[in-house]
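Below, each chain spelled out in residue letters.
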Amino acid sequence: MTDRTPKVVCLPQELLGQVKGWHIHPPNGRTDERTNGWPGGRTDGLRAARPPGRPTDRPAEKPTDPHRAASPRHAHHQRGTVNQPTPEQPAATVARLRATFRTGRTKPLEWRTAQLRRLREMLTEHGPDLAAALHADLGKSSTEAHRTEIDFTVREIDHTLDHLTGWLRPEPAPVPAHLGADASAWTQYDPLGVVLVIAPWNYPAQLLLAPVVGALAAGNAVVAKPSELAPATSAALARLLPAYLDTDAVAVVEGGIPETTALLAERFDHIFYTGNGTVGRIVMRAAAEHLTPVTLELGGKSPAFVDRGTDLEVVAARLASGKFLNAGQTCVAPDYVLTDPETAAALESALTRAVEALYGADPSASAEYGRIVNERHFDRLSGLLDSGRVVVGGTGDRASKYLAPTVLADVDPTSPVMREEIFGPVLPIVTVPGLDEAIDFINDRDKPLALYVFSESADTRARIAAETSSGGLGHGLPLAHLTVSDLPFGGVGESGTGSYHGRYSIETFSHRKAVLEKPLTPAR
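What counts and what doesn't
Residues numbered from 1 in each chain as written. Predicted model: local features only at pLDDT ≥ 70, side-chain atom pairs only at ≥ 80, totals over all residues. Heavy atoms only, no water. Helix = DSSP H or I, 4+ residues; strand = E, 2+ residues; numbered from the N terminus. Buried < 20%, exposed > 50% of the residue type's maximum accessible area, 1.4 Å probe, protein only. Areas by Shrake-Rupley, 256 points an atom, 1.4 Å probe, with all protein chains shown as cover. Salt bridge = Lys/Arg side-chain N within 4 Å of Asp/Glu carboxyl O. Phe/Tyr/Trp six-rings, centres within 6.5 Å; stacked < 30°, edge-to-face > 60°. Lys NZ or Arg CZ within 6 Å of the ring centre and 35° of its normal. Axes fitted to C-alpha atoms, helices over the stretch in contact; angles between N-to-C directions. Parallel < 35°, antiparallel > 145°, perpendicular 65-115°, else oblique. Contact = heavy atoms within 4.5 Å. Nonpolar A, V, L, I, M, F, W, Y, C, P; charged D, E, K, R; others polar. Pairing = 2+ DSSP bridges.

Caption draft 1: Region of interest: the overall build of the chain. Broken down by element type, the chain carries 14 helices and 20 strands. Out of the 524 residues in the chain, the part that is buried amounts to 57%. For the chain, the accessible surface area stands at approximately 21,200 Å², while carbon and sulfur atoms represent 52% of it.

Laid out in structure tokens, this is it:
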């Protein structure tokens, strides 16, 4: 019988097989072994620039063995240190990475897993350095920095390493009878090429590195652009990433609007942007010049509906924990509360107790409470405090960028705090007569990145799930859906397009190619 094993060249050689009975044969007969990771995002404005008509590619280098996991150029340096390179123009950076990708260097499974392990080593060996940078930029405690950024990314890496072989395995497809019994078909994931990841300032480590994990796992070369509004974290990542990863395939570009605008003028094979809708539109327009696909992780006003008859002490504790993490600068934080007037009155005192339980009588003295990123955002948030009656908080100090955890009641739906994404430690309570009006209120506005429901009623939870649209839906616990590695994270409509985390990152940073094979010699 004719051998019908597919000759797939863009898939890691280790994964050829397991289609219609074919088996996987890793190099040397060995299987890959693993050496045994919260979220939101803003990036401030960019200038739109019309990119040139074609990419600035340079001729590909002579192909090397695609199954060789090349050592990084920095291998002779001590881990955690790197010589300062001469600044490279974005066009040259993209061309250099594209030349590397064309050699096939990033495609083998061995290279992908090696990069992920090195990234994990960077996070574990330099966790204290990154935590110190996050404290300098956002006042994050070491506990919060590890839980929401460093350890979060480590878990994402571990989950990817555990499952990557299976995710990349070709998936067989039925073949119509008219093609003959000897025909076979399957789909396979091909790397896209050179991808750009633009990170925000609110979780500046995690929201840069988690997409990079997916891009590397999918076999791409990556340009990583950290946020200039988190300068200490940006500098730390620019120093550490080249010391651990293959610098011929991974580049870090620091800078502000001019540098980002110059990057967007280049042709990439995918652009992954986390931030606001205004800049998201600029990114999308720039990408359209080259028909480059984009993932936009944006934000919006994520509501929390509190039903009658719930345990308000539990609800308040979970709302406060989710809202005031990172001083409210989280894109999936509850933006406002929707509830009936009677429940709202009782919820006020419960939220006051919950804030004190989290941060003490004086949150400014709590090591676990963060700071606003800069004076401009402090001024913006301070201007929202007159939108309702202050239940708790309402104070701040511009010099230290401290704004107290604040709850507002008697908030009019047309007030300033309800006309924009808050992105800070201010939680308005808006009253509606009941569930029908709450659903209408949500649907009258842009589709949110997240929607939270606190209800003991299965019918209420089912109605909200069926009658509203949001990027994610959480029952009883804000933010937690992001920690489930097998759930996609992403928005819908104004809150974003595309998703990632776990295998969904592989789908985002890969092309799922259809393959059909019909032998030239009939089977005997």
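Having seen the structure, we can now continue with the description.
Caption draft 2: Focus on the pattern of salt bridges. A complete count under the given rule lists 22 salt bridges for this structure. Across the pair Asp269 and Arg267 runs a salt bridge whose closest N-O atoms are separated by 3.3 Å. Residue Asp269 is classed as buried on the basis of its relative accessible area, which comes to 16%. Residues joined in a network through salt bridges with shared partners are Arg98, Arg267 and Asp269.

Caption draft 3: Just the packing of aromatic side chains, in detail. In this structure the tally under the stated criterion is 7 aromatic pairs. Seen in terms of ring centroids, Phe489 and Tyr500 are 6.0 Å apart; in terms of plane orientation they differ by 55 degrees. Their pairing is tilted. Remark: Tyr500 occurs in strand β19 (residues 499-500) and Phe489 occurs in strand β17 (residues 489-490); sequence separation between them is 11 residues. Here Phe489 falls in the buried class, since its relative accessible area comes to 4%. The ring of Phe441 has Arg445 sitting right over it, with the charged end atom 3.5 Å from the ring centre.

Caption draft 4: Geometry of the side chain of Thr460. Residue position: Thr460 is located in helix α13 (residues 458-467). Judged by relative accessible area, which is 10%, Thr460 ranks as buried.

Caption draft 5: Here's a closer look at the packing of helix α3 (residues 127-138) against helix α4 (residues 142-168). Running from amino to carboxyl end, α3 crosses α4 at an angle of 105 degrees, the nearest separation of the two axes being 9 Å. Relative to α4, the element α3 lies roughly perpendicular. For the pair α3 and α4, the contacting residues are Gly127, Leu130, Ala131 and Leu134 in the first and Ser142, Ala145, His146, Glu149 and Ile150 in the second. The residue inventory of the contact of α3 with α4, partitioned by class, reads 5 nonpolar, 3 polar and 1 charged.

Caption draft 6: Highlighting the sheet that holds strand β7 (residues 294-297). Pairing in this open sheet of 6 strands is mixed, and the strands run β5-β4-β3-β6-β7-β18 from one edge to the other. Bordering the open sheet on either side are β5 (250-252) and β18 (496-497), each of which pairs with just one other strand. As paired elements, β7 and β18 share 2 bridges and run antiparallel to each other. Each residue of the ladder has a partner; that of Glu297, found in β18, is Gly496.

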